[in-house]
Amino acid sequence: TVEQNQKHLSATQVKNVAGKNYYFAGWSDKDPNLTRDIYPADDTKLTALYKGSQLSGDASAYTNNSQHKIVRTTDGWLHQTYVSMNHVWIEHSSNGGTSWFIGNNGQPLDNGEGKCPSIDWWYTQSSAGHPENHNLVVAYQQKENSAYSIRYAIFEKQSSTYIKKSLLSSETLYLASNESYTSNANPNITVGGNNNDSRGYFVLTFEKKNASDAGIYWIYGQISWNGVGISNS
């Protein structure tokens, strides 16, 4: 607690409690930075938040059975996505679900607040000029002020683990500027691979609930870390 002063805050990336790792998940004011400077105008109390694997205080962490929440890739790994602390998370298991670890370096996928994730995968076999690729994609609802967007994150297996790819273009699949974030769009993504192409061929469905344009909508096209080629919406 400080008043009328500059304060430098720093948190530990990983805390081990009773043999279990907990990963830094941002501050109680939703700032995601591990270290930061604050300049409070009044007494301020901030708490560093930590996330443990397979834990969620959100009763709706796995709701919406119309969405893929867990998948198995061709290498035998299991992958799941869910909501905890108003964030979207991904976890991986290389041993059939006996043990899990939080992906994306222990960080949530959303930028500030997210919900309603779905997950799918595609695989590209090795061929001339095209190395073998194991790919995951997560689509989720991202808060944009009072509205929302539907974003995606791609993971690729590299050096025996799954790494989030830095996208070369926007992560946004759809911007619902006239829809409230309080409405659940329930985006569901399905992806198929092509043995001669590292890109996935996807279909995304989502709900719009405004009275003027309520219904189920879809987007389809090609998706990769290079960006998205949308064929229709």
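In case you missed it, the structure is sitting above this.
Read on for an overview of the structure. Because the structure is predicted, anything quoted here is derived from the model rather than measured.

Points about the pairing of strand S7 (residues 78-84)
The buried fraction of S7 is high, at 7 of 7 residues. A two-sided burial pattern is seen for S7, the buried positions comprising Leu78, Gln80, Tyr82 and Ser84 on one face and His79, Thr81 and Val83 on the other. Of the strand pairs in this sheet, strand S6 (residues 70-72) and S7 are connected by 3 bridges, and their pairing is antiparallel. Bridge pairing in S7 places valine 71 opposite histidine 79. Hairpin geometry of S6 and S7 is characterised by an intervening segment of 5 residues between the two adjacent antiparallel strands and by a positive phi of about 90 degrees at glycine 76. Of the pairings in the sheet, the one linking S7 to strand S8 (residues 87-93) comprises 7 bridges and is antiparallel in character. By the bridge assignment for S8, histidine 79 is matched with histidine 92. Between S7 and the antiparallel strand that follows it, S8, lie 2 residues; methionine 85 among them carries a positive phi value of about 55 degrees.

Notes on the pairing of strand S10 (residues 114-124)
Within S10, 9 of the 11 residues are buried, which leaves the element mostly enclosed by the surrounding structure. Sheet topology places S10 next to strand S11 (residues 133-144); 9 bridges connect them, and they run antiparallel. Paired with threonine 124 across the strands is asparagine 133, a residue of S11.

Basis of the calculations
Each residue is numbered by its place in its chain's sequence as written, counting from 1. The model is predicted, so local features are restricted to residues of pLDDT at least 70 and side-chain atom pairs to those at 80 or more, both for listing and for counting; the totals for chains, interfaces and linings are taken over all residues. Side-chain descriptors were evaluated using all non-hydrogen atoms of the structure, hydrogens and water having been removed beforehand. Relative accessibility decides the category of a residue: with a 1.4 Å probe and only protein chains considered, values under 20% of the type maximum give buried, values over 50% give exposed, and everything between is partly exposed. Secondary structure follows DSSP: runs of H or I at least 4 residues long count as helices, runs of E at least 2 residues long count as strands, and numbering of each begins at the N terminus. By this definition, two strands are paired if DSSP reports at least two bridges between them.

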